[in-house]
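Secondary and tertiary structure notes
Chain by chain, the residues run as shown.
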Number of protein chains: 2
Amino acid sequence: MKPTKLLSIAEASARSGLPPDTLRYYDRLGLLPHLRRTSGRRRFSEDDLAALSLVVCLRDTGMPLASIRDFMRASGPGTPDARLAILRKHRAEVSARLDEYRRAERRVDFKIWYYEEAKRLGGIARLPPLSALLKQYRKETGKSTNW
Amino acid sequence: MKPTKLLSIAEASARSGLPPDTLRYYDRLGLLPHLRRTSGRRRFSEDDLAALSLVVCLRDTGMPLASIRDFMRASGPGTPDARLAILRKHRAEVSARLDEYRRAERRVDFKIWYYEEAKRLGGIARLPPLSALLKQYRKETGKSTNW
DNA sequence: CTAGCACTTGGAGCGCACTCCAAGTCAAGG
DNA sequence: CCTTGACTTGGAGTGCGCTCCAAGTGCTAG
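This text gives an overview of the structure that appears in the document. Remember, predicted model here, so these are calculated numbers, not experimental data.

Rules and cut-offs
Counting restarts for each chain: residues are numbered from 1 in the order of the written sequence. Just so you know, chain letters begin at A and ligand numbers begin at 1, following the order they were written in. Totals for whole chains, interfaces and linings use all residues, but because this is a predicted model, local features are given only for residues with pLDDT of at least 70 and pairs of side-chain atoms are given and counted only at 80 or more. With hydrogens and water stripped out, all remaining heavy atoms of the structure feed into the side-chain values. Each helix is a run of H or I in the DSSP string that is no shorter than four residues. Each strand is a run of E no shorter than two, and both are numbered from the N terminus. Every helix has an expected span of 1.5 Å times one less than the residues it contains. We call a residue near a molecule or strand as soon as one heavy atom of that residue lies within 4 Å of the molecule or strand. Nitrogen and oxygen atoms within 3.5 Å of one another constitute a polar contact, given that in protein one can donate a hydrogen and the other can accept it, and given that sequence-neighbouring residues count only through two side-chain atoms. The classification of residues rests on relative accessible area computed with a 1.4 Å probe and restricted to protein chains. Under 20% of the type maximum is buried, over 50% is exposed, and intermediate values are partly exposed. The contact criterion used throughout is that any non-hydrogen atoms of two residues lie within 4.5 Å. Summed over both partners, the accessible area (1.4 Å probe) lost when two parts come together is defined as the buried area. Note on definitions: salt bridges are taken to be side-chain nitrogens of Lys or Arg within 4 Å of carboxyl oxygens of Asp or Glu. Here the term charged refers only to Asp, Glu, Lys and Arg, the term nonpolar to Ala, Val, Leu, Ile, Met, Phe, Trp, Tyr, Cys and Pro, and the term polar to all other amino acids, Gly among them. In this text, buried Ala, Val, Leu, Ile, Met, Phe, Trp, Tyr and Cys residues form a nonpolar core when linked through side-chain atoms within 4.5 Å. When charges are tallied, Lys and Arg are placed among the positive residues and Asp and Glu among the negative ones, while His and the ends of the chain are skipped. A least-squares superposition brings the copies together, and it is based on the C-alpha atoms of residues with pLDDT no lower than 70 in both.

Below, the discussion takes up helix α5 (residues 81-121) of chain A. In this model, α5(A) (41 residues) spans 60 Å end to end at C-alpha, consistent with the 60 Å of a helix rising 1.5 Å per residue. Phi turns positive one or two residues past the end of α5(A), at G122(A), with a value near 85 degrees.

Structure, rendered in structure tokens:
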């Protein structure tokens with residue numbers, strides 16, 4: 001098998017887009033349990049970069065670093081049950097947040113339309129009451145909103 | 001016109017689900033510019049509760065409190081341009097985050113399937129190489145992933 | 001061998017969004 | 001009038017995720 005080139009922290013930083021300090025921080029927290037060292041220096045393998053990319057994916061979808069640590073540590077040749085449990089829970093949370101975001105998106109869309117309508121009429125004061133606006137919005141745009 | 005009942009901070013907390021300290025904090029930051037007081041005590045109108053609900057909507061979709069403050073302050077009978085600009089920018093950010101979340105959802109779905117497959121085969125070590133797994137995943141589930 | 005540079009560590013500091021506290025004020029019930 | 005309790009303020013403290021720093025170590029080119 002290929003000896004798999006190992007990268008310095010600066011190279012890993014360039015490849016991952018994360019600052020070196022953040023990589024060190026993640027290592028300290030235990031987010032990269034398989035990271036190697038040669039005479040004290042961290043050496044990143046391709047597997048480490050793949051793990052890092054998963055860390056970023058979980059982080060950017062709102063998983064706390066402590067939970068990511070638990071997930072990354074629950075590896076090895078043992079049963080994948082621990083990882084499955086964490087992932088299923090996270091999946092549910094991501095779905096919930098997606099729903100919330102979609103609702104917010106609709107609300108923001110209505111608000112934008114609301115202020116555009118105010119501009120057309122020459123001032124917020126000239127807008128009809130909210131109930132009429134909601135009706136008009138639904139009719140004009142075909143969209144619903146949850147005001 | 002109706003005198004519109006005004007609520008104490010405890011009542012506003014119950015109605016909004018936000019702790020009183022958070023309401024005071026938001027008021028300090030200027031997120032509720034129209035909030036009244038009688039002899040020092042905050043009095044929340046229905047309009048204030050509606051404003052609060054918008055604050056929560058923006059907050060929960062990732063807008064910093066300082067930007068929410070700018071938005072809530074840019075009110076009055078003047079032009080709605082400032083509010084429109086902030087909303088359009090926020091809308092774009094929410095859309096971007098939605099896309100990112102959807103991608104993460106797909107990736108997590110694949111990871112879940114991956115560990116389920118590992119369980120079926122009796123260990124991660126027995127899994128075929130990633131390229132074969134991706135093919136099989138697409139075939140079995142009809143889903144794509146961005147691994 | 002030496003200079004320079006990338007790297008190491010432990011720990012301090014920061015920005016955000018709360019969260020809690022002590023000391024004081026006000027209004028309503030008895 | 002007095003007590004009780006909900007409210008006020010300014011300020012300190014917390015948790016998270018970085019971000020920066022000083023002091024020290026070790027590869028590498030000259």
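Next comes the rest of the description.
With that settled, the discussion passes to the protein's contact with DNA strand D. What surrounds DNA strand D is a group of 18 residues, the closest being D21(A), Y26(A), R24(B), R37(B) and R42(B). Counting only atoms of DNA strand D within 4 Å of the protein, the sugar-phosphate share comes to 62%. Within the side chain of R24(B), one N or O atom sits 2.7 Å away from a phosphate oxygen of DNA strand D. No other element matches helix α2 (residues 20-29) of chain A, which puts 4 residues into the surface near DNA strand D.

As a further point, take helix α3 (residues 46-60) of chain B. Over its 15 residues, α3(B) runs 21 Å from end to end, which matches the ideal 21 Å to within 8%, given 1.5 Å per residue. For α3(B), every residue scored as buried is listed here: D48(B), L49(B), A51(B), L52(B), L54(B), V55(B), C57(B) and L58(B). Elements in contact with the buried residues of α3(B): α5 of chain A together with α1 (9-16), α2 (20-29), β2 (41-43), α4 (65-73) and α5 (81-121) of chain B. Following α3(B) by one or two positions, G62(B) adopts a phi angle in the positive range, close to 90 degrees.

Once that is clear, we can look at the interface of chain A and chain B. With 37 residues of chain A in contact, the opposing surface of chain B contributes 38 residues. Overall, the association of chain A and chain B removes approximately 3,600 Å² of surface from exposure, summing both partners, and the carbon and sulfur fraction of that is 68%. For the salt bridge of D109(A) with R91(B), the shortest nitrogen-to-oxygen distance reads 2.4 Å. Our count for the chain A to chain B interface comes out at 16 residue pairs in polar contact (both at pLDDT 80 or more). Every element with two or more residues in the side of chain A that touches chain B is listed here: α3 (46-60) and α5 of chain A. Tallying contributions element by element places α5(A) first for the side of chain A that touches chain B, with 25 residues.

Looking now at the protein's contact with DNA strand C. R24(A), R37(A), R42(A), D21(B) and Y26(B) are the nearest of the 18 residues found near DNA strand C. Sugar plus phosphate, as a fraction of atoms of DNA strand C within 4 Å of the protein: 62%. Y26(B) is positioned with one of its side-chain polar atoms (N or O) 2.4 Å from a phosphate oxygen of DNA strand C. R41(B) is positioned with one of its side-chain polar atoms (N or O) 3.3 Å from a base oxygen of DNA strand C. Sorting the residues of the surface near DNA strand C by element identifies α1 (9-16), α2 and β2 (41-43) of chain A together with α2 of chain B as the ones contributing at least two each. If you tally residues by element for the surface near DNA strand C, the top one is α2(B), at 4 residues. Among the residues forming the surface near DNA strand C, the class breakdown is 6 nonpolar, 4 polar and 8 charged.

What follows is about unusual backbone geometry. Residue and element names in this part refer to chain A. A positive phi angle, close to 45 degrees, is found at S39, a residue other than glycine. Topologically, S39 is positioned in the loop between β1 (36-38) and β2. The exposed category is assigned to S39, whose relative accessible area is 73%.

Attention now moves to the environment of M63(A). All names here are of chain A. Inspection of the secondary structure assignment puts M63 in the loop between α3 and α4 (65-73). Note: C-alpha distance between M63 and V94 (31 residues apart in sequence) is 9.2 Å. Apart from residues no more than four positions distant in its own chain, M63 is found in contact with L58, I68, I86 and H90.

Ranked by internal contacts, the top residues of the largest apolar core, which has 34 residues, are L23(A), Y26(A), F44(A), L52(A), L58(A), I68(A) and F71(A). For this core, the elements supplying multiple residues, two or more each, are α1, α2, α3, α4 and α5 of chain A together with α5 and α6 (130-141) of chain B. Of all the elements, α5(B) adds the most residues to this core, at 7 residues. In this structure F44(A) touches K5(A), L6(A), L7(A), S8(A), I9(A), A12(A), L23(A), L32(A) and L35(A), once residues within four positions along its chain are discounted.

Attention now goes to the side chain of K111(A). Looking at where K111(A) falls in the secondary structure, it is placed in helix α5. D47(B) is the oppositely charged side chain nearest to the buried, salt-bridge-free K111(A), at an N-O distance of 10 Å. Those residues in contact with K111(A) that sit more than four places away from it in its chain are W147(A), L54(B) and L87(B).

Further remarks concern the relation of the copies chain A and chain B. With an RMSD of 0.1 Å, the fit of chain A onto chain B corresponds to turning through 180 degrees and sliding 0.0 Å along the axis. Classification of the inter-copy transformation places it as that of a two-fold axis. Within chain A, the C-alpha atom positioned nearest to the axis of rotation is that of L98(A), 3.3 Å from it. Looking at chain A, 100% of its interface residues are interface residues in chain B too, so the copies touch through the same face.

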